[in-house]
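Notes for the structure review
Listed here are the chains, written in short residue letters.
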Amino acid sequence: MLLIPCPWCGPRDEREFRYGGQAHIAYPADPSALGDEAWADYLFMRDNPAGRHAERWFHGSGCRAWCDVERDTVDYTVTGSCTTGAHPAGGPDTGPCTSPYCVRRAVPSTGGTR
Amino acid sequence: MPALPAAEPPAPPPHGRLWRSPEPRPAYDVLVVGSGGHGLATAYYLAAEHGIADVAVLERGWLAGGNMARNTAIIRSNYLWDASAGIYEHALTLWEGLEDALGRDLHFSQRGVLNLAHSTHDVRESVRRVNANRLNGIDAEWLGPDEVAKLVPILDTGAHTRHPVLGATYQPRAGIADHDLVAWGFAAEADRLGVDLVQGCEVTGFLRSGGKVRGVRTTRGDIAAGAVALCAAGRTSVLTETLGMRLPLQSHPLQALVTPLLEPVLDTVVMSNAVHVYVSQAPKGELVLGAGIDGYNGYGQRGSPRTVEDQIAAAVELYPVFAHAEALRTWAGTVDVAPDASPVIGPTPFEGLYINCGWGTGGYKATPGVGHVLADTVANGRPHPLAEPFGLERFTTGALVDEHGAAAVAH
């Protein structure tokens, strides 16, 4: 069972959450300019690493907010969680991440595995 | 791909063994990556039907130790769309002759499969699927609750349940076959025809010249090949990542459980998409129950207890007698799920590289069918007609084959 640290509610049981797939997928800036291949990439292609994965979780039975979680897909260790979009992949941070479980802070892992 | 005979017929396997365990040679006509059912069947049909026996099947672990050892052994072909009906019914037809073709007992049992409907919407979708199946020549019937109760007396068909049984689709020709015997049957016959089955040999990358794949890098050295066919299921993305090739796949844990041996109580297969449980009773007597996938990506070959809890809760509600049973063992495989719940089969942008993946929760039933179709695709360097609708390009053209209704979690 995963123990997922919600930035707002603290560590909670996986059952309270819904998985939202890969994090940091931005909606196309100019959708009408997108060709078929770019649409296919946006809609269907996702990272599928065996290892660290940045992913979205929705705390549906708690604060009903999304967060960005970093988790290992092989041993299921949760490294931490951040407020949504605070650390977009490949881009500059969009603002302060207020999560006490922020993966960029040098804090020990609070997330658990089963 | 020219059909080249093996240089010399291989020596038979040592006494008591079903296949040899040869060292990999430096080059083959065809390399198949992954010795699950799909990989073994592909190698078998390459040798048996196309005269291409200079083939090695490379396996990172042990033979048929991945999803082929972890599925719930269910076989059926009652999918909605014509493309799916084509390939799944092709597979079922091959299943019906497979014990003869491989010359061994596979415990293939056409005991029928019911897919329960629990809501008005389920009923409409199910009846539509029955009609679509019939138009494609697939045996399918719609059963009312009374008929379901006759076939499955232990099922609670009362109106008071949380998920009332409003009817079911029924495919009499569907059933189960012993997955280990199927794997060993394909392996032994492929070996006999000259195919090298190489276990403990993990593919770590590809040999390339420009846009062509010329072989693979492995933990036991480089191996050259005229063609490489990936049958790696949940680990396909890990392989194609080394080529910078993105696939529309997500690898998820898929769990199942088994009870101790019980008296016979169920002589058919019953599935329910709505409550995420599907069950059959194996010949020895254990109940085999499959669950839905765990929602998150995971390569750990284990999932969360919550999924099993939900599965057991649904099973006990539907079959009150199961409250007497115990869960002996639970386990998980890693399944590669595509956005439209249909497989991806065929050539890739890399010449010489073929993929067979995206079968998600339902690859086992297709084993002989996809092996047959993929072998033909590799042997002729073009998609087999039954594979054409399942090419990678469908995610660009938008011609998806949406089988979420027929597949759902309970493939």
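Residues numbered from 1 in each chain as written. Chains lettered and ligands numbered in written order. Predicted model: local features only at pLDDT ≥ 70, side-chain atom pairs only at ≥ 80, totals over all residues. Heavy atoms only, no water.

Turning our attention to the UniProt feature "domain: Rhodanese" (unreviewed entry) in chain B. Here, the residues flagged by UniProt with the feature "domain: Rhodanese" (unreviewed entry) are residues 30-74 of chain B. Helix makes up 31% of residues 30-74 of chain B and strand 20%, with an end-to-end C-alpha separation of 30 Å. (UniProt positions renumbered as here; feature names shortened; annotations may be inferred. Helix = DSSP H or I, 4+ residues; strand = E, 2+ residues; numbered from the N terminus.)

Once that is clear, we can look at the packing of helix α2 (residues 82-102) of chain B against helix α5 (residues 179-192) of chain B. Packed helices, taken two at a time, are described by the angle between their axes plus the distance between the axes. All names here are of chain B. Between α2 and α5, whose axes approach to 10 Å, the crossing angle comes to 50 degrees. It follows from the interaxial angle that α2 and α5 lie oblique. When the axes of α2 and α5 are compared, the crossing they make is left-handed. Side by side, α2 and α5 meet where Trp95, Leu98 and Leu102 of the first sit next to Val182, Gly185, Phe186 and Glu189 of the second. In terms of residue class, the contact of α2 with α5 is made up of five nonpolar, one polar and one charged. (Axes fitted to C-alpha atoms, helices over the stretch in contact; angles between N-to-C directions. Parallel < 35°, antiparallel > 145°, perpendicular 65-115°, else oblique. Left-handed = near helix turned anticlockwise from the far one by under 90°. Contact = heavy atoms within 4.5 Å. Nonpolar A, V, L, I, M, F, W, Y, C, P; charged D, E, K, R; others polar.)

All names here are of chain B. Along the chain, Glu96 falls in helix α2. Overall, the relative accessible area of 36% leaves Glu96 in the partly exposed class. With near-sequence residues (within four places) excluded, Glu96 lies in contact with Phe108, Gln110 and Arg173. Of note is the side chain of Glu96, whose polar atom sits 3.0 Å from the side chain of Arg173. (Buried < 20%, exposed > 50% of the residue type's maximum accessible area, 1.4 Å probe, protein only. Polar contact = N/O pair within 3.5 Å; in protein donor to acceptor, adjacent residues only side chain to side chain.)

With that settled, the discussion passes to the interface of chain B and chain A. Each partner contributes to the interface: chain B provides 29 residues, whereas chain A provides 26 residues. Taken over both partners, the interface formed by chain B and chain A buries close to 2,400 Å², and the fraction arising from carbon and sulfur atoms is 50%. The interface formed by chain B and chain A includes four salt bridges. Where Asp310 of chain B meets Arg15 of chain A, a salt bridge forms, and the shortest distance between an N and an O atom there is 3.3 Å. Put simply, chain B and chain A have 17 residue pairs in polar contact (both at pLDDT 80 or more) between them. Elements with a minimum of two residues in the side of chain B that touches chain A: α6 (236-241), β12 (250-261), α7 (305-318) and α9 (394-397) of chain B. Take the side of chain B that touches chain A: its biggest share by element is four residues, from α7 of chain B. (Buried area = accessible area lost by both parts, 1.4 Å probe. Salt bridge = Lys/Arg side-chain N within 4 Å of Asp/Glu carboxyl O.)

Residue and element names in this part refer to chain A. Here four strands make up an open sheet; going across it, the order is β3-β4-β5-β6 and the pairing antiparallel. In this open sheet, the two edge strands, each paired with only one partner strand, are β3 (18-22) and β6 (78-83). The average undirected angle you get between the axes of adjacent strands in this sheet is 30 degrees. Strand direction decides the pairing type here: strand β5 (residues 66-72) and β6, joined by five bridges, are antiparallel. Among the inter-strand pairings, Val69 is bridged to a residue of β6, identified as Ser81. (Pairing = 2+ DSSP bridges.)

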